[in-house]
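Each chain, written out:
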Amino acid sequence: KKDQHIIGYAGNIGLGQNVCYNFHPDISNIDDENYMYTSFMPQLREFVCEMTPDFSSKLDAIDDNHTDFIVGIKGRLFEISTFGFQCSEYSYTAIGSGSQIAIGYLFSVLSDELIKNECDYYNETIKAVEAAIYFNPHCQHPILIIEMEK
């Protein structure tokens, strides 16, 4: 947890840790519907380019430092990629080497439950990560789940 955000990352460990521990975005307009696109993303891009000076000038620096983030803010969930600094909002998502397995599990279980708002998100999230661990040798325990109020 960080300020009013929850941030998780996969990819470059150094960049991910720097963002999680040293990135302090301005949250003065956090209630704006477009906050992630008009404020958070430009600040994140500037921070990443300052932390890794070669990032914006060398193509291989982008590959070396490529990191994906999940950002939770005010009940909304975003997936961010440093490759092109793309940002998308989702009802649920996953990042990392087992993400496709976890998202597939969540889709199969949650699609109807999301519509009805009848879901045990915590346990289904654990099962999705367990599926990724079982089917992907790059995924492993421990599982840490952080919840945030809407």
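Residues numbered from 1 in each chain as written. Predicted model: local features only at pLDDT ≥ 70, side-chain atom pairs only at ≥ 80, totals over all residues. Heavy atoms only, no water.

**Remarks on the packing of aromatic side chains**
The description of an aromatic ring pair rests on the distance of the ring centres and on the angle between the ring planes. By the definition in use, this model includes 5 aromatic pairs. Taking the centre distance of 5.4 Å and the plane angle of 85° together, the rings of Phe23 and Phe40 count as edge-to-face. Here Phe40 lies in helix α2 (residues 35-51) and Phe23 lies in the loop between α1 (13-22) and α2, a separation of 17 residues in the sequence. Across the pair, exposure class does not vary: Phe23 and Phe40 are buried alike. On the numbers, 5.3 Å between centres and 45° between planes, the contact of Phe23 with Phe47 is tilted. Note that Phe23 is positioned in the loop between α1 and α2 and Phe47 in helix α2, a separation of 24 residues in sequence. Both residues of the pair, Phe23 and Phe47, belong to the buried class. Following the ring pairs from residue to residue traces out a cluster consisting of Phe23, Tyr35, Phe40 and Phe47. (Phe/Tyr/Trp six-rings, centres within 6.5 Å; stacked < 30°, edge-to-face > 60°. Helix = DSSP H or I, 4+ residues; strand = E, 2+ residues; numbered from the N terminus. Buried < 20%, exposed > 50% of the residue type's maximum accessible area, 1.4 Å probe, protein only.)

**Thoughts on the nonpolar core**
By size, the foremost hydrophobic cluster in this structure holds 20 residues, and its most contacted members are Val19, Met36, Phe40, Met41, Leu44, Val71 and Ile80. When contributions to this core are tallied by element, the ones reaching two or more residues are α1, α2, β2 (67-73) and β3 (76-81). Among the elements that take part in this core, α2 stands out by supplying 7 residues, more than any other. Counting 9 residues, the second largest nonpolar core, distinct from the first, contains Tyr92, Ala94, Leu106 and Ala128. (Core = buried A, V, L, I, M, F, W, Y, C linked by side-chain atoms within 4.5 Å.)

**Quick look at the pattern of salt bridges**
A full pass over the atoms with the stated rule returns 4 salt bridges. Here Arg76 and Glu33 are joined by a salt bridge, their closest N and O atoms 3.6 Å apart. Residue Arg76 is located in strand β3, and its partner Glu33 is located in the loop between α1 and α2; the two are separated by 43 residues in the primary sequence. Each of Glu33, Arg76 and Glu89 takes part in salt bridges that share partners, so that together they form one network. (Salt bridge = Lys/Arg side-chain N within 4 Å of Asp/Glu carboxyl O.)

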